[in-house]
Amino acid sequence: MVETVSPKPTACLALADGTVFYGHGFGATGRCVAELCFNTAMTGYQEIMTDPSYAGQVVTFTFPHIGNTGVTPEDDETADPVAAGMVVKWDPTLASNWRATEELKSWLTRTGRIAIGGVDTRRLTRAIRQQGAPHVAMEYNPDGNFDLEALVAAARAWPGLEGMDLAKDVTCAQSYRWDEMRWAWPDGYSRQEDPKHKVVAIDYGAKRNILRCLASAGCDVTVLPATATSEEVLAHNPDGVFLSNGPGDPAATGEYAVPMIKDILDKTDLPVFGICLGHQMLALALGAKTTKMNHGHHGANHPVKEHGTGKVEITSMNHGFAVDAQTLPEGVEETHVSLFDGSNCGIRMKDRPVYSVQHHPEASPGPQDSFYLFERFAEAMAARKA
């Protein structure tokens, strides 16, 4: 049976400046309002949609073949999609992959996420790059009837990510243990049965594959909510503290996260490792500042240079805020920089094993150039105990 697509638009994407894009809706019906970003990754649409760092955002995929490998629960970064919606060039075709357990369309419908296909994503991406990440309202209505004035008004009324603390919305409700390691052929996911280091991971919106990488590096991981206090962290007697990725404005999350991190740094000599929002939290705790980017970095092909070695890594990124390297205090140095725009991608304390990176080194869906950062964290904990 050949699937046909109605020529009548059934979905609409309205930007706050009044620009309107029409297309074919799929997934859940209804309306969502969010910030619009674009992602340049060629694989991993399921990991992107379930990455908690995308809370409050609709994702435009620049690669046109979205949906052709279906979905599988093994690839979820959290239980359900967190991104508000998706925009694609071509309507998804039937899945063709031995690991697929469900079609992208039915998965989005079941999990309540709106999507629109048939959009000129190149034009949309150019608009985002030139004008900055816009506020949008997106609606899927099978009848094809849209109140454009109401959609534009909703986009304009949305407050935006600046000043918005979203980590509280995506963090875990209570602490839990994690021992699952990275996926490997042919057994899939295995368990860490001989951990060497106790790690407390602060969940600002942690991806499962980041926790798997910690387990694969020899860590016994206990995950605590974003609002955990230093007393709660230290009660676990950890060998190291990990600060996870997450969504929203780091300055807003920092209202409660920064005092905890400062306390850990003041009272202990524990190794500390941060990724993405965790990187920004550490920078704020050390006295630096963060800024909102024009359109952010979202993709799996971002070149990052490590100053110490001169090595260039191709990395996976997802962030709309950045650490201002000009505000780094004495005793803290920049370790990594984006070769796209020169923005900060890593910092470390000069005299302690405390460091963080802006990119996602867990290689899910890829690339794997930066996995050494987890091993460096494990080595720092081993050195401290020695």
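Before reading further, recall that the structure is shown in the block above.
Criteria and cut-off values
Residues numbered from 1 in each chain as written. Predicted model: local features only at pLDDT ≥ 70, side-chain atom pairs only at ≥ 80, totals over all residues. Heavy atoms only, no water. Pairing = 2+ DSSP bridges. Helix = DSSP H or I, 4+ residues; strand = E, 2+ residues; numbered from the N terminus. Axes fitted to C-alpha atoms, helices over the stretch in contact; angles between N-to-C directions. Contact = heavy atoms within 4.5 Å. Core = buried A, V, L, I, M, F, W, Y, C linked by side-chain atoms within 4.5 Å. Buried < 20%, exposed > 50% of the residue type's maximum accessible area, 1.4 Å probe, protein only. 1 Å grid on protein atoms, 1.4 Å probe; cavity = no way out; pocket = protein on both sides within 12 Å on 5 of 7 lines; lining within 4 Å. Points joined across faces, edges and corners; volume = space filled by probe spheres on them. Nonpolar A, V, L, I, M, F, W, Y, C, P; charged D, E, K, R; others polar.

A.B. asks: Can you help me understand the sheet that holds strand S2 (residues 20-27) in this one?
C.D. replies: Either a parallel or an antiparallel arrangement is found when strands of a sheet pair, and the pairing is made through backbone hydrogen bonds. Read around the barrel, seven strands follow the order S1-S2-S6-S5-S4-S3-S7 and close on themselves; strand pairing throughout is mixed. Across the sheet, the mean angle separating the axes of adjacent strands is 35 degrees when strand polarity is ignored. Pairing geometry for strand S4 (residues 57-61) and strand S5 (residues 85-87), over three bridges, is parallel. By the bridge assignment for S5, Val58 is matched with Gly85. Sitting on the sheet, helix H2 (residues 104-111) touches S2, S5 and strand S6 (114-117), and the angle it makes with S2 is about 90 degrees. Against the sheet, helix H3 (residues 121-131) touches strand S1 (11-15), S2, strand S3 (30-39), S4 and S5, its axis set at about 75 degrees to S3.

A.B. asks: Would you mind going over the nonpolar core with me for this structure?
C.D. replies: Grouped burial of nonpolar side chains is what soluble globular proteins tend to show. Of all hydrophobic cores here, the largest spans 33 residues; its most connected members are Ile202, Tyr204, Val233, Val241, Leu243, Ile261 and Leu282. Those elements that place two or more of their residues in this core are strand S9 (197-203), strand S11 (240-243), helix H8 (250-267), helix H9 (277-286) and strand S16 (344-349). Other than its neighbours up to four places away in sequence, Val241 contacts Val200, Ile202, Val233, Ile264, Leu270, Pro271, Val272, Phe273 and Phe377. Grouped together as the second largest cluster of nonpolar side chains are 28 residues, Trp178, Ala206, Cys276 and Val357 included.

A.B. asks: What is the right way to read the layout of surface pockets from this model?
C.D. replies: Over the atoms rolls a probe the size of a water molecule, and in doing so it shows where empty space is left. Here the largest pocket defines a volume of roughly 610 Å³. For the lining of the largest pocket, the secondary structure elements donating two or more residues are helix H1 (45-49) and helix H6 (208-216). Looking at side-chain class alone, the lining of the largest pocket contains 10 nonpolar, 12 polar and five charged residues.

A.B. asks: Can you walk me through the environment of Glu330 in this structure?
C.D. replies: If you trace the backbone, Glu330 turns up in the loop between strand S14 (312-324) and strand S15 (332-338). Once the C-alpha coordinates of Glu330 and Lys350 are considered, the two residues, 20 residues apart in sequence, prove to be 9.2 Å apart.

A.B. asks: Before we go on, may I ask you to explain the sheet that holds strand S8 (residues 176-178) in this structure?
C.D. replies: On the basis of which strands lie adjacent, the open sheet formed by 10 strands has the order S8-S10-S9-S11-S12-S17-S16-S15-S13-S14 and mixed pairing. Of all strands in the sheet, those with a lone pairing partner are S8 and S14, marking the two edges. Across the sheet, the mean angle separating the axes of adjacent strands is 25 degrees when strand polarity is ignored. As paired strands, S16 and strand S17 (residues 354-357) are joined by three bridges and run antiparallel to one another. Its bridge partner lying in S17, Arg348 is registered against Tyr355. Where helix H10 (residues 372-385) meets the sheet, it contacts S9, strand S10 (219-225), S11, strand S12 (272-275), strand S13 (289-306), S14, S15 and S17, and its direction lies at approximately 130 degrees from that of S9.

Structural measurements only, silent on function.
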